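Given next are the chains, with one letter for each unit.
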Amino acid sequence: MATALTGPRTGPGESWPTTPSLLLLLFLLPPTQVEATAHRHPASEEVAFSRDVGRTSPSPACGQRHVQGKILGGVDALEGKWPWQASVHFVGFHICGGSIIDEYWILSAAHCFDRNRNTEAFDMYVGLVDLNVAGNHTQWFEVNRVIIHPTYELYHPVGGDIALVQVKTRIVFSDSVLPICIAPPDLTLWNLSCWATGWGSISRKGDTSNKLQEVQLPLVPFHLCRLLYGQTDILPDMLCAGNFKDMKSACEGDSGGPLVCEFDRTWVQIGVVSWGQGCAYPMYPTVFARVSFFSKWIHHHIENTPLPLQPLPALSSTLGAIISVLMTSLAAPSML
Ligand code: ARG
């Protein structure tokens with residue numbers, strides 16, 4: 001989660017081919033004029049998405065955090081403020097973020113699982129604020145399976161950048177560990193205050209923070225994002241957000257983490273951190289996998305994937321005892 005500490009950027013944007021003054025004007029537009037798709041969602045539909053999501057997140061309801069309020073001028077996140085945040089560890093190190101969407105499922109980015117398809121190399125952590133300190137609410141999970149979207153890398157180097165991670169045992173919900181709601185397929189994004197969270201780099205030099213960072217990122221209109229990155233780089237399964245004024249963005253290590261917005265007191269995930277050109281450059285917003293584009297796929301897999309086989313040592317030893325008793329009693333008559 002990077003914040004540019006320097007003044008106006010130098011670097012990649014200097015070679016930008018379009019009129020800088022026009023782009024600057026666009027950057028200065030207040031977030032209220034920043035639209036993302038066609039129409040505003042009527043309140044009734046907003047209720048509908050909670051109901052839909054409720055089907056896959058039985059209890060408690062998704063997107064209901066218990067810690068309220070914002071840290072003024074700060075970037076460290078309070079414990080319990082982002083209770084759906086997960087950390088993806090690879091061979092013992094944090095490499096990516098994720099979000100809890102169900103008792104067995106964490107949503108993340110496909111490219112986080114790219115380097116190794118061996119699920120045993122990954123671990124998931126939830127209820128974590130400081131990467132080095134397991135708190136009272138921290139839970140650790142092994143990975144049962146990773147489902148990567150079939151279009152990942154098919155039409156674009158990082159298109160379809162979404163992955164579903166099924167953990168081996170159930171995530172126990174508490175005030176600090178809760179699921180986020182998944183944006184419904186037709187969700188319209190308009191005039192939203194959205195937040196990205198993660199343990200990624202906090203400077204362009206690559207400094208990191210062990211404390212979970214949060215950043216408020218206004219949505220960047222799809223067409224403006226295409227103008228900035230180029231038509232072919234931004235696909236309909238992506239969305240862009242960036243804070244041009246304060247030059248804040250997601251950065252390396254934030255990938256897979258959520259971009260969430262509050263709709264009528266319910267937090268909904270609209271994006272998964274995917275990629276970007278550098279960090280905190282005003283010309284280049286962060287690009288996210290557009291969750292609404294994938295929500296049917298997400299629900300389909302959550303509803304149709306069998307739960308992991310539970311290791312039940314107590315039961316199996318009881319079973320073993322029953323079987324050996326049975327065998328003995330079956331064998332008994334022949335011995336007679
Ligand atoms: N892809 C990166 C990761 O794996 C981070 C994505 C955001 N990057 C950016 N430059 N804004 O963590």
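Residues numbered from 1 in each chain as written. Predicted model: local features only at pLDDT ≥ 70, side-chain atom pairs only at ≥ 80, totals over all residues.

With respect to the overall build of the protein chain
Stage number 1. Scanning the protein chain from terminus to terminus reveals five helices and 16 strands.
Stage number 2. A total of 336 residues make up the protein chain; the buried ones form 42% of that total.
Stage number 3. Nonlocal contacts in the protein chain, meaning residues at least 24 apart in sequence, comprise 72% of its contacts between residues at least 6 apart. (Helix = DSSP H or I, 4+ residues; strand = E, 2+ residues; numbered from the N terminus. Buried ≥ 20, exposed ≤ 12 C-beta atoms within 10 Å, placed from the backbone. Contact = placed C-beta atoms within 7 Å.)

Structural notes on the confidence of the model for the protein chain
Stage number 1. Across the protein chain, pLDDT averages 78, with 73% of residues at or above 70.
Stage number 2. This stretch, residues 5-57, has a pLDDT under 50; its non-local contacts, to residues over four places away or in other chains, come to 64 contacts. (pLDDT = per-residue confidence, 0-100.)

Let's talk about the nonpolar core
Stage number 1. Residues Ile100, Ala163 and Ile270 are the most contacted members of the largest nonpolar core, which totals 85 residues.
Stage number 2. A domain-level breakdown of this core finds at least three residues from each of domain 1 (3-44 + 181-293) and domain 2 (83-179 + 298-329).
Stage number 3. What isoleucine 100 contacts, discounting residues up to four positions off in sequence, is Trp84, Ala86, Ile106, Val126, Ile171, Val177, Leu178, Pro179 and Ile180. (Core = buried A, V, L, I, M, F, W, Y, C linked by C-beta atoms within 7 Å. Domains from an automatic or database assignment.)

Side note on the pairing of strand 9 (residues 194-198)
Stage number 1. Along strand 9, four of the five residues are buried, which leaves the element largely enclosed by surrounding structure.
Stage number 2. Inspection of the sheet shows strand 9 paired to strand 10 (residues 213-217) by five bridges, in the antiparallel sense. When the bridges of strand 10 are listed, glycine 198 appears paired with glutamine 213.
Stage number 3. Of the strand pairs in this sheet, strand 9 and strand 14 (residues 258-263) are connected by three bridges, and their pairing is antiparallel. The partner of cysteine 194 across the bridge, within strand 14, is cysteine 261. (Pairing = 2+ DSSP bridges.)

Overview of the pairing of strand 16 (residues 286-290)
Stage number 1. Burial analysis of strand 16 places five of its five residues in the buried class, the great majority of the element.
Stage number 2. Pairing between strand 12 (residues 238-241) and strand 16: four bridges, direction antiparallel. Residue pairing in the sheet places methionine 238 in a bridge with alanine 289 of strand 16.
Stage number 3. Examined bridge by bridge, strand 15 (residues 266-275) and strand 16 share four bridges and lie antiparallel to one another. Its bridge partner being in strand 16, valine 272 is matched across the sheet by alanine 289.

Observations regarding the sheet that holds strand 2 (residues 85-90)
Stage number 1. Taking strand neighbours around the barrel as the criterion, the six strands line up as 2-3-4-7-6-5 in a closed arrangement whose pairing is antiparallel. With strand direction ignored, the average angle separating the axes of adjacent strands in the sheet is 40°.
Stage number 2. Sheet topology places strand 2 next to strand 3 (residues 93-100); six bridges connect them, and they run antiparallel. In the strand pairing of strand 3, phenylalanine 90 is matched with phenylalanine 93. (Axes fitted to C-alpha atoms, helices over the stretch in contact; angles between N-to-C directions.)

A short note on unusual backbone geometry
Stage number 1. A positive phi angle, close to 40°, is found at valine 91, a residue other than glycine.
Stage number 2. Here valine 91 lies in the loop between strand 2 and strand 3.
Stage number 3. Residue classification places valine 91 among the exposed residues on the basis of 10 C-beta atoms within 10 Å.
Stage number 4. At arginine 265, a residue that is not glycine, the phi angle is positive and equals roughly 65°.
Stage number 5. As for its position among the elements, arginine 265 is in the loop between strand 14 and strand 15.

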